[in-house]
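# Inside the fold
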Amino acid sequence: MIYVCVPVHNEARTAGLVLWKVRQVFTAFPREYQLLVLDDASTDGTGDVLASYAKVLPMSVVTHRERQGYARSLEELLRLALRQSDRPKRDCVVTLHADFVHPPDGMDEMVKRIEAGADLVVAELVEQRGAAPRGLRWARLWMPRLLRVPGVKDPLSGFVALRLFVLRQALRPDGAPLLTTDGWCANAELVARLAGHARRVDTVPVVARYDLAQRPPRVPPWRRLLAAWRARPIIRGARTSGASLLLLASVLRAQGGGDTARTDSIRLDPALPIGAIAPPPSPVPHSRPGVRFPVGERLVYGARFGPFSVGGATMEVAGIDTLRGTETVHFVFHVSGGALWYHLDQTLQSWVGRDDFQSRRYWNETDEKGKHWARKFEIFPDSGFYREAGPDTAAPTVADPLDDAAFLYWIRTVPLEIGERYEFARYFRPERNPVIVEVLGKEKVNVAGRKWSAIVVRPRIPHGGGIFAERADARMWLSDDDRRIMLALQSTFSFGQVTLKLKEYADSAAGRP
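This write-up is about the structure you can find in this document. These numbers come from a predicted model, not from an experiment. (Residues numbered from 1 in each chain as written. Predicted model: local features only at pLDDT ≥ 70, side-chain atom pairs only at ≥ 80, totals over all residues. Heavy atoms only, no water.)

Okay, the overall build of the protein next. Along its length, the protein carries 9 helices and 21 strands. Among the 513 residues that make up the protein, the fraction classed as buried is 54%. Summarising the internal contacts of the protein: among those between residues at least 6 apart in sequence, 66% fall at separations of at least 24. Split by element, the accessible area of the protein, about 21,700 Å² in all, is 50% carbon and sulfur. (Helix = DSSP H or I, 4+ residues; strand = E, 2+ residues; numbered from the N terminus. Buried < 20%, exposed > 50% of the residue type's maximum accessible area, 1.4 Å probe, protein only. Contact = heavy atoms within 4.5 Å. Areas by Shrake-Rupley, 256 points an atom, 1.4 Å probe, with all protein chains shown as cover.)

For strand E19 (residues 475-479), a buried count of 4 out of 5 residues is recorded, marking the element as mostly surrounded by other parts of the structure. In the sheet, strand E18 (residues 450-460) pairs with E19 via 4 bridges, with the strands oriented antiparallel. What sits directly across from Ala454, in E19, is Ser479. (Pairing = 2+ DSSP bridges.)

You can see Asp91 is positioned in the loop between helix H3 (70-84) and strand E4 (92-95). One polar contact links the side chain of Asp91 to the main-chain amide nitrogen of Met1, over a distance of 2.8 Å. Only 2.7 Å separates the side chain of Asp91 from the side chain of Ser85, close enough to count as a polar contact. Leave out the neighbours within four places in its chain, and Asp91 touches Met1, Tyr3, Ser85, Asp86, Leu162, Arg163 and Leu164. (Polar contact = N/O pair within 3.5 Å; in protein donor to acceptor, adjacent residues only side chain to side chain.)

Here we come to the packing of aromatic side chains. Following the criterion strictly, the structure yields 15 aromatic pairs and no others. Seen from their ring centres, Tyr386 and Phe428 are 5.1 Å apart, and the 85° between their planes marks the pair as edge-to-face. Here Tyr386 is found in strand E14 (residues 385-388), whereas its partner Phe428 is found in the loop between strand E16 (421-424) and strand E17 (435-447), with 42 residues between them in sequence. Both residues of the pair, Tyr386 and Phe428, count as buried. An aromatic cluster of three or more residues is present, and its members are Tyr362, Phe377, Tyr386, Tyr427 and Phe428. (Phe/Tyr/Trp six-rings, centres within 6.5 Å; stacked < 30°, edge-to-face > 60°.)

The subject of this paragraph is the environment of Ala170. Checked against the element boundaries, Ala170 lands in helix H6 (residues 164-170). Separated by 25 residues in the primary sequence, Ala170 and Ala195 have C-alpha atoms spaced 9.1 Å apart. When near neighbours in sequence (up to four residues on either side) are disregarded, Ala170 contacts Leu178, Arg193, Leu194 and His197.

All right, on to H3 then. With 15 residues, H3 ought to run about 21 Å at 1.5 Å a step, and its terminal C-alpha atoms sit 21 Å apart, in line with that. Burial in H3 covers these residues: Tyr70, Ala71, Ser73, Leu74, Glu75, Leu77, Leu78, Leu80, Ala81 and Leu82. (Expected span 1.5 Å × (residues − 1).)

It is worth spelling out the packing of helix H1 (residues 15-28) against helix H2 (residues 46-54) at this point. The interhelical angle for the contact between H1 and H2, taken along N-to-C directions, is 25°, at an axis separation of 9 Å. Compared by their axis directions, H1 and H2 come out roughly parallel. Read as a crossing pair, H1 and H2 show a hand that is right-handed. Two secondary-structure elements touch here, H1 through Ala15, Gly16, Leu17, Leu19 and Trp20 and H2 through Val49, Leu50 and Tyr53. For the contact of H1 with H2, the class distribution of residues is 7 nonpolar, 1 polar and no charged. (Axes fitted to C-alpha atoms, helices over the stretch in contact; angles between N-to-C directions. Parallel < 35°, antiparallel > 145°, perpendicular 65-115°, else oblique. Left-handed = near helix turned anticlockwise from the far one by under 90°. Nonpolar A, V, L, I, M, F, W, Y, C, P; charged D, E, K, R; others polar.)

So, about the side chain of Asp119. Secondary-structure assignment places Asp119 in the loop between helix H4 (107-115) and strand E5 (120-129). Judged by relative accessible area, Asp119 falls into the buried class, the value being 2%.

A few words now on the nonpolar core. If you look at the biggest cluster of nonpolar residues, it comprises 52 residues, and the most contacted ones within it are Phe331, Phe357, Leu487 and Leu502. If you tally residues by element for this core, the top one is helix H9 (residues 404-410), at 6 residues. Aside from chain neighbours lying at most four places away, what touches Leu487 is Tyr301, Val445, Val447, Trp452, Ala454, Trp477, Leu478, Ser479, Leu500, Lys501 and Leu502. In terms of nonpolar packing, the next biggest core, distinct from the first, is built from 33 residues, Cys5, Leu77, Val93 and Val152 among them. (Core = buried A, V, L, I, M, F, W, Y, C linked by side-chain atoms within 4.5 Å.)

The next subject is unusual backbone geometry. Positive phi, close to 55°, is recorded for Ala41, a residue that is not glycine. As for its placement among the helices and strands, Ala41 is situated in the loop between strand E2 (33-40) and H2. With relative accessibility at 15%, the residue Ala41 sits in the buried group.

This structure, assessed with the given rule, holds 21 salt bridges. Residue Glu378 pairs with Arg324 through a salt bridge whose shortest N-O separation is 2.6 Å. Of this pair, Glu378 sits in strand E13 (residues 371-380) while Arg324 sits in the loop between strand E9 (308-323) and strand E10 (326-339), placing them 54 residues apart in sequence. On the basis of relative accessible area, Glu378 is assigned to the partly exposed category, the value being 21%. (Salt bridge = Lys/Arg side-chain N within 4 Å of Asp/Glu carboxyl O.)

As a further point, take H4. Listed in full, the buried residues belonging to H4 are Met107, Met110, Val111 and Ile114. End-on, the buried residues of H4 take up no more than an arc of 95°, which puts them together on one face. Two residues or fewer after H4 comes Gly117, characterised by a positive phi angle close to 120°. (Arc of directions from axis to C-beta.)

Mapping Ser85 onto the fold places it in the loop between H3 and E4. The class of Ser85 is buried, set by a relative accessible area of 11%. Sequence separation of Ser85 and Phe165 is 80 residues, and the distance between their C-alpha atoms is 9.9 Å. Contact partners of Ser85, with chain neighbours within four places excluded, come to Tyr3, Asp91 and Leu164. Within the structure, the side chain of Ser85 is placed 3.1 Å from the backbone nitrogen of Arg87, a separation counted as a polar contact.

This is the structure:
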């Protein structure tokens, strides 16, 4: 499905022409499409024009009673397209103006680029037809130099095509606005935020048809230039945030060393750090063997690199299942993010015995840089081996096996003593063991809207790399109560410090803390 998003304000003279031209494009270039049009409190009869075309075109109209501006209208249409799509990796959006300065003729080429593998296609102004005011020409010339986006010479047109999956990656998990500027600056901000998550960014040349414009510019050129000057830090921040997430993802991807063609989840997931190793030859603290976490418990995390938000993850107790005659607890982890050419959408699922806290099944399903792969393990604690789907070969496991997801829950059951040092060797793949955990002390931390008393631990892999390398000096904060919630995780890299913090916590029994 191709969603054509058209924000409109007082364009009664041209809106109908633009919509009919879209229909002509898709008649000659047959694709399934849907027009999403937003009337931003027009007062010139635009609403009547849109209503008449909605009767004959595949079109939905959203109406604002009070004007909210171009950026908010555009973002609302983009979010609407994402909600309507059931295939965001295939479906795309084309954003289009209703003033006819950019005729829709170039949409077919933009869609072809998306179908050929691009995630973002930007229409760049290469020629102007008709007499534009001198001030407007100067603003159009200089603003791209103020609002630079790598790989795009002209991010201002507002005529772009994008894969919906890229939009989903760019939206913040907390629901904060995607666009914080307006007008031409909002066009540049959109391109900057999306480009950081696109595997491939293409450009196509377009002609600006000022000879077809039916109204003068609404914003004086000097105000456009002033807005561009003020928007420079925002555009730079949008680009830097994406680059920071790329650095974070690259470091996590290197975690644990080993497989390259089929990367283990711990190298990718900032919310699942110590799961690629496991528990114990040294002093082993006593822990209750059964699973005591309530079904419905859900934790939501946000990651930050300096002032930038660089991703998010969730971990939850999904339910109770029966597996090979054993009652098991189902844990689910999900992480998503991406930057520049790197993208990650990963789901880890774990089934552990409810009474003995031993892993029986572990699935890792990952979309990474546009490629999908899955690793599925069946683990047999009683027989002492595990088997991976596909290779169908058996390998020995440890006495009390745990997988990546299960380990973070299990460590919450261990009564860690201040000043103690523990070695754990319970990861179901023996060659990945051990991990060392040192209990450093107690601190107060502010996360999820409140102050917590926390136990601070230092997990490390003596000969490993990434987030738990010796030089990374990682720290983990666990709540000092019966729940032992992971409140925060911090690690230091060559480019700076990355911090993962709890944003929300809820369970079906106790609700929010």
